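Below, each chain spelled out in residue letters.
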Amino acid sequence: MPELSPAAWSAIALSFKVAAVATLWGVPVATALALLLARGHFPGKALLDGIIHLPLVLPPVVTGYALLLLLGRKGPIGAFLDQQFGIVFAFRWTGAVVAAVVMALPIIVRAIRLSIEAVDVRLEQASGTLGAGRLATFFLVTLPLSLPGILAGATLGFAKALGEFGATITFVSNIPGETRTIASAIYTASQTPDGDAEALTLSAVAAVLGLAALVASELLARRARGALS
Amino acid sequence: MIDVDIRQRLGDFSLDLRFSGGAGVTALFGPSGSGKSSVIKAIAGLTRLDAGRIVVGGTVLANDGRHTPPHRRRIGVVFQEARLLPHLSVRSNLRYGRLFTPRAERRIAEEPVIDTLGIGHLLARRPATLSGGEQQRVALGRALLASPRLLLMDEPLAALDEARRREILPLIETLRDEFAIPIVYVSHAVEEVARLAAKVVVLDAGKVAREGSPADVFRAATDRFEIISVVAGRLGAPDHDFRLTPVETAAGPIWLNGLAGPVGRPVRVLVHATDVALSLARPDGLSIRTVLSGTVAGVSGGDGPTVTVDLALEGGDRLAASVTRRSAVELDLTPGRSVFALVKAAALDERPV
């Protein structure tokens, strides 16, 4: 097996960092959205559901471009964040995190929503009659019972974030050491003469990581389910 | 103690009823679909009233549009299914309600409840590893340990087999007496209601059809197969040779199959009107050994082939007997006549006493 170059290692490390941070931010957001969709009754629910799932069907480059327009330094949100808080996403690794969260959100929300919907409402009612308010019931009943789905969603989201390419390269470009993730590094290598070996090796790495995350997701979900029964 | 006035539309069904209950058990009785469970949900706050009010122990929980959410009502509910939280141990399930009970309101201590229910050995287990009867006992304890103002029980025995029912019914009786919590108990089993309730509210199609003591309510049924008398007495010394137990009443002993329990325990015996025969003289040469003396208080049933003879037993209990109109005429069963009521021991169900 060919040796990995320092640049390749840096891309792998960056991908891990981006995917980990994206998962940490994405899971709580996804859980809140999933709860809203699973248990809430409000006008515009179908629309919210559609917006969350949009990145799944749009060309990733469109999502990335939308992020650039909104969160870029001149974008309405980006300019505000820059001026008020000095937060900049464009062409930074943190922007790669944002792109990964947006792209991974649909699958995380879907996994968590399914498991929240599987929680027996009658248990939540019983919790209420015992004196627990809605928030307490959520943290003591709904959340622990949907933990398998949350873990599965987190690992799937991590895998998705690890492999994100289109939205990332559009939003934050392909800057070595800052925004060059595994996927961008493979793209660069494949466009470079004599880069085939590196592209192939990194592709193998991506495949192994993705597969590992999928297997882990399945095992975690199974184990969590087993602990409950 | 509890005052309920519910007006509520639920799809194409509607509730329009009012009743009140005192200390002890108030039973909601009626066929499925009569609205019993809907009343429980309304009292628990799981549904909203369209109009009316619910007052428990002086606290208004719902009043014409105002609605206290379930978690602020402090009303315990035991559902048909135990609804234990599957991710928590039995101990954590029992302590769950306590977590939300203000310190000053924690009247009911853990140990006596665990002892009474006999669940001390289950504390470390997960609900999924318990039998149905064990789960329901834990659910009873869990509801009780939140020190509720009122305990609602929605057919808590319906999902259990006969043996488990016989094991849990006395526990509910003990809880009722020891922890002095008013209980609203939903059931369509006459035996459970007759045994537990101080008051019965019969529901039919979302309305109150009858209410009163179990003895009055069950004697007032119109179908002769549903007329049931409740006779109170105390267990006497059993006949071990033949495995029979007498229930001593002022009108005479009622013999039950089997060994029913400790001598002196107060019990209520259910007697179906169709299991009672009448005789003008104390009979001789009959297989029936349960002979109760009383006088005819009234005869009802009109011109049909069978009539219901209402007897005032010695001691004051009432007993209904279903006989043919011809017998009633030929024996001249008119008010004031002294008669003997014969009850076949084999027809009596020893389980509900």
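One can find the structure itself at the top, above this paragraph.
Everything numeric in this text was worked out from a predicted model, so none of it was measured. (Residues numbered from 1 in each chain as written. Chains lettered and ligands numbered in written order. Predicted model: local features only at pLDDT ≥ 70, side-chain atom pairs only at ≥ 80, totals over all residues. Heavy atoms only, no water.)

### Remarks on the pairing of strand β12 (residues 228-235) of chain B
Residues and elements named next belong to chain B.
Here is step 1 of the chain: Of all the eight residues making up β12, six are buried; the element is thus mostly covered by neighbouring parts of the structure.
Here is step 2 of the chain: Examined bridge by bridge, β12 and strand β15 (residues 266-272) share seven bridges and lie antiparallel to one another. Across the sheet, the residue bridging to isoleucine 228 is histidine 272, located in β15. (Buried < 20%, exposed > 50% of the residue type's maximum accessible area, 1.4 Å probe, protein only. Helix = DSSP H or I, 4+ residues; strand = E, 2+ residues; numbered from the N terminus. Pairing = 2+ DSSP bridges.)

### As for the interface of chain A and chain B
By a widespread convention, an interface's size corresponds to the accessible area lost as its parts come together.
Here is step 1 of the chain: Taken together, the contact between chain A and chain B spans 20 residues of the former and 21 residues of the latter.
Here is step 2 of the chain: Between chain A and chain B, a total of about 1800 Å² is buried, with carbon and sulfur atoms accounting for 68% of that surface.
Here is step 3 of the chain: Here Arg122(A) makes a salt bridge to Glu81(B), at a shortest N to O gap of 3.4 Å.
Here is step 4 of the chain: On inspection of chain A and its partner chain B, the count reaches six residue pairs in polar contact (both at pLDDT 80 or more).
Here is step 5 of the chain: Among the secondary structure elements, those contributing two or more residues to the side of chain A that touches chain B are α6 (121-129), α7 (134-145) and α11 (196-228) of chain A.
Here is step 6 of the chain: Top contributing element to the side of chain A that touches chain B by residue count: α6(A), with seven residues. (Contact = heavy atoms within 4.5 Å. Buried area = accessible area lost by both parts, 1.4 Å probe. Salt bridge = Lys/Arg side-chain N within 4 Å of Asp/Glu carboxyl O. Polar contact = N/O pair within 3.5 Å; in protein donor to acceptor, adjacent residues only side chain to side chain.)

### Some thoughts on helix α4 (residues 132-145) of chain B
Here is step 1 of the chain: Helix length check: α4(B) (14 residues) gives 20 Å between terminal C-alpha atoms against 20 Å at 1.5 Å per residue, within 8%.
Here is step 2 of the chain: Of all 14 residues making up α4(B), 12 are buried, and the element is well covered by its neighbours.
Here is step 3 of the chain: Within α4(B), burial applies to Gly133(B), Glu134(B), Gln136(B), Arg137(B), Val138(B), Ala139(B), Leu140(B), Gly141(B), Arg142(B), Ala143(B), Leu144(B) and Leu145(B).
Here is step 4 of the chain: Contacts made by the buried residues of α4(B) are with α6 of chain A together with β7 (75-78), α2 (90-96), α3 (110-117), β8 (150-154) and α5 (162-178) of chain B.
Here is step 5 of the chain: Immediately downstream of α4(B), the backbone of Ser147(B) shows phi near 50 degrees, a positive value. (Expected span 1.5 Å × (residues − 1).)

### A look at unusual backbone geometry
Here is step 1 of the chain: Its identity is not glycine, yet Ser173(A) carries a phi of approximately 65 degrees, on the positive side.
Here is step 2 of the chain: Turning to its location among the elements, Ser173(A) is positioned in the loop between α9 (166-172) and α10 (182-190).
Here is step 3 of the chain: Of note in this structure, Glu155(B) is not a glycine but carries a positive phi near 45 degrees.
Here is step 4 of the chain: Along the chain, Glu155(B) falls in the loop between β8 and α5.

### Overview of the nonpolar core
Residues and elements named next belong to chain B.
Here is step 1 of the chain: Tyr185 and Phe218 are the most contacted members of the largest nonpolar core, which totals 47 residues.
Here is step 2 of the chain: Counting residues per element, this core draws most heavily on α4, at six residues.
Here is step 3 of the chain: Counting contributing residues per domain, this core is built from domain 1 (2-212) and domain 2 (224-347), each supplying no fewer than three.
Here is step 4 of the chain: Those residues in contact with tyrosine 185 that lie beyond four places of it in its chain are Val25, Thr26, Ala27, Leu28, Met153, Pro156, Leu157, Leu169, Ile172, Glu192 and Leu196. (Core = buried A, V, L, I, M, F, W, Y, C linked by side-chain atoms within 4.5 Å. Domains from an automatic or database assignment.)

### A word on the packing of helix α1 (residues 6-39) of chain A against helix α8 (residues 147-163) of chain A
Residue and element names in this part refer to chain A.
Here is step 1 of the chain: Interhelical geometry of α1 versus α8 gives an angle of 140 degrees and a closest axis separation of 8 Å. Regarding the angle of α1 to α8, the classification is oblique. Crossing of α1 against α8: the hand is right-handed. For the pair α1 and α8, contact is made by Ser15, Phe16, Ala19, Ala20, Ala22, Thr23, Val27 and Thr31 and by Ile150, Ala154, Gly157, Phe158, Ala161 and Leu162, respectively. (Axes fitted to C-alpha atoms, helices over the stretch in contact; angles between N-to-C directions. Parallel < 35°, antiparallel > 145°, perpendicular 65-115°, else oblique. Left-handed = near helix turned anticlockwise from the far one by under 90°.)

### Notes on the environment of Leu99(B)
Here is step 1 of the chain: Along the polypeptide, Leu99(B) turns up in the loop between α2 and α3.
Here is step 2 of the chain: Sequence separation of Leu99(B) and Val271(B) is 172 residues, and the distance between their C-alpha atoms is 46 Å.

### Points about the sheet that holds strand β3 (residues 25-29) of chain B
Residue and element names in this part refer to chain B.
Here is step 1 of the chain: The strand order β7-β8-β9-β3-β10-β11 describes an open sheet built from six strands, whose pairing is mixed. Two strands bound the open sheet, and with one partner strand each, they are β7 and β11 (207-212). Between one strand axis and the next, the sheet turns through 20 degrees on average, direction left out of account.
Here is step 2 of the chain: Pairing geometry for β8 and strand β9 (residues 183-187), over four bridges, is parallel.

### Overview of the environment of Glu110(B)
Residues and elements named next belong to chain B.
Here is step 1 of the chain: If you trace the backbone, glutamate 110 turns up in helix α3.
Here is step 2 of the chain: Accessibility expressed as a relative area gives 19% for glutamate 110, which makes it buried.
Here is step 3 of the chain: In this structure, the C-alpha to C-alpha distance between glutamate 110 and leucine 144, residues 34 residues apart in sequence, is 9.3 Å.
Here is step 4 of the chain: If near-sequence neighbours (up to four positions away) are discounted, glutamate 110 is found in contact with Arg95, Arg98 and Leu145.
Here is step 5 of the chain: A distance of 3.1 Å separates a polar atom in the side chain of glutamate 110 from a polar atom in the side chain of arginine 95.

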